[in-house]
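Chain and residue survey
Each chain, written out:
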Amino acid sequence: MEPDEDGFYPIYSSLSPSPKFNLLGDDLKKYNAVFSNPALLKVFTLQCDLFSLGKIKVITKAGVELPNDPAALLLNNPNAYQGNTQMLWDVMFNYMIGNVYAYLDSDVPTEDNALYILEIHKIKWPKELDKKKDKIILSKKSKKEIDDLMIEYTYEDNTHMKIPLKKIIRLTDLSNGQGNFFKGKSRIDSLYKILSNADKSLNATNINIDYSGKFMVAGQQDIENVNDELMGQDEKEDIEKKMNGKKRVHAVKSKIDIKRFVENARALGLDESYRSAYFFIGSMYNIPRDVLEAYLQGSTFDNQEKSVAKHVAYTLQPKGDDFLEALAVRFGYTDKKITICWDHLPFMQIFKKEQVNMQNTQVDILNKLLKLNVPIIEINNYLGTDFKTASYEQPKPPTGAPGGA
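Conventions we followed
Residues numbered from 1 in each chain as written. Predicted model: local features only at pLDDT ≥ 70, side-chain atom pairs only at ≥ 80, totals over all residues. Heavy atoms only, no water. Helix = DSSP H or I, 4+ residues; strand = E, 2+ residues; numbered from the N terminus. Buried < 20%, exposed > 50% of the residue type's maximum accessible area, 1.4 Å probe, protein only. Contact = heavy atoms within 4.5 Å. Areas by Shrake-Rupley, 256 points an atom, 1.4 Å probe, with all protein chains shown as cover. Pairing = 2+ DSSP bridges. Phe/Tyr/Trp six-rings, centres within 6.5 Å; stacked < 30°, edge-to-face > 60°. Lys NZ or Arg CZ within 6 Å of the ring centre and 35° of its normal.

Once that is clear, we can look at the overall build of the protein. Helix and strand counts for the protein stand at 13 helices and 10 strands. With 405 residues in all, the protein has 36% of them scored as buried. For the protein, contacts bridging at least 24 residues in sequence account for 67% of all contacts bridging at least 6. Counting only carbon and sulfur atoms, one obtains 52% of the accessible surface of the protein, whose full area is about 25200 Å².

Below, the structure is given as structure tokens:
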């Protein structure tokens, strides 16, 4: 692929509506784009760091945690090199790239099993799959034929590993229903211009900082004096030598004018261009502005913590649920489920505080309705509660008051 007129290699490689297989260079460009653009990397690390703080649990249908369940033990140490925190970080990173491909060696959750998050740019898909990528499968036989296909996973030393498709859990960030059931589109494709502009603003900042330490020195000539000669080469070299010397005071024969190459770098708005790219990219990944500002400035307030908590509930929780539900299916878990939560983190306490406030409000309304002799069944229907019995107790008058003790 040829670079564009600005020397930037486009991240996308075709205008086809469906994601393409085996565009390893295209997938690698997305991967490298993250680590070469500070604004994009900042958004990725924010999201991945927050997601990796989640706590994985295996629970029964009744909500009882099973800390010694084989799946819980496996996910705590998913492979020979990673713990669950790093594994979760890689899951979210690949979600943000566009697709998660998790290699699960066995459908049996034992300590001998292994779970690895594959790097998409190292996957070579079988050509047979390209013909079936958008086909509707209606029989178990057809599905088994696809599951038995082998992908080729290439290591950096150019050696390969053959992996049957049935051993790979496939998840997409956006959708797998846009022309390819096995590979989804990436949000990075739509950020091409934003990333390009962010790169250019950083390059421009670097150039201006470099030139801010350089000066233009010119002789001041009297245009009305015909005998006033222009600055000669010897004078130019003498001034340059003096400007670069260690002396703080210089005596010169003629008046000279000194100006910086860059008088006011702030007026160019280059740093603001980077900030704009950061917030735009963050919004593309559904990260609230309050959350982005909290991570950019390094401080949080109540409204920002509430935004982080909502971001976890509305954006990160669904991604985690999809991943762990896919694992539960592979393990054949029907009487228990694998979950992820962030309730142990301080900013999630705001939800507990709101829940307590809501319960107090329900109790106040309950007392008012009981005072009006409203039946408990109707109260439950109104409040959405499940009280079995309740009665209103008339407040006692203070001691010494009429009717008191």
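Quick look at the sheet that holds strand β4 (residues 123–124) now. The strand order across the open sheet formed by three strands is β4-β5-β6, and the pairing between neighbours is antiparallel. Where the open sheet ends on each side, the last strands, each with one partner, are β4 and β6 (160–164). Where β4 and strand β5 (residues 150–154) come together, two bridges link them in antiparallel fashion. Each bridged residue has a counterpart across the sheet, and for K124 the counterpart in β5 is E152.

Glancing now at the packing of aromatic side chains. In this structure the tally under the stated criterion is 11 aromatic pairs. Between F44 and F93, the ring centres sit 5.4 Å apart and the planes meet at 70°, which makes this aromatic pair edge-to-face. Residue F44 is found in helix α2 (residues 38–52), and its partner F93 is found in helix α4 (residues 84–97); the two are separated by 49 residues along the sequence. Each ring, one from W89 and one from F93, has its centre 5.7 Å from the other, and the planes form 15°; the classification is stacked. In this pair, W89 and F93 are both assigned in helix α4, four residues apart and thus about one turn of the helix distant. A residue is classified by how much of its surface remains accessible, and F93, at 6% relative accessible area, is buried. One aromatic cluster in this structure is built from Y31, F35, F44, W89, F93 and Y285. Positioned above the aromatic ring of F279, the side-chain terminus of R289 is 3.9 Å from the ring centre. The positively charged end of K336 is found above the aromatic ring belonging to Y333, 4.5 Å away from the centroid.

Turning to the environment of N68, a few remarks are in order. Position of N68 relative to the elements: it lies in the loop between β1 (55–60) and α3 (70–76). A residue is classified by how much of its surface remains accessible, and N68, at 64% relative accessible area, is exposed. For the pair N68 and K57, spaced 11 residues apart in sequence, the C-alpha to C-alpha distance is 9.9 Å.

Geometric descriptors of this kind do not, in isolation, establish any biological role.
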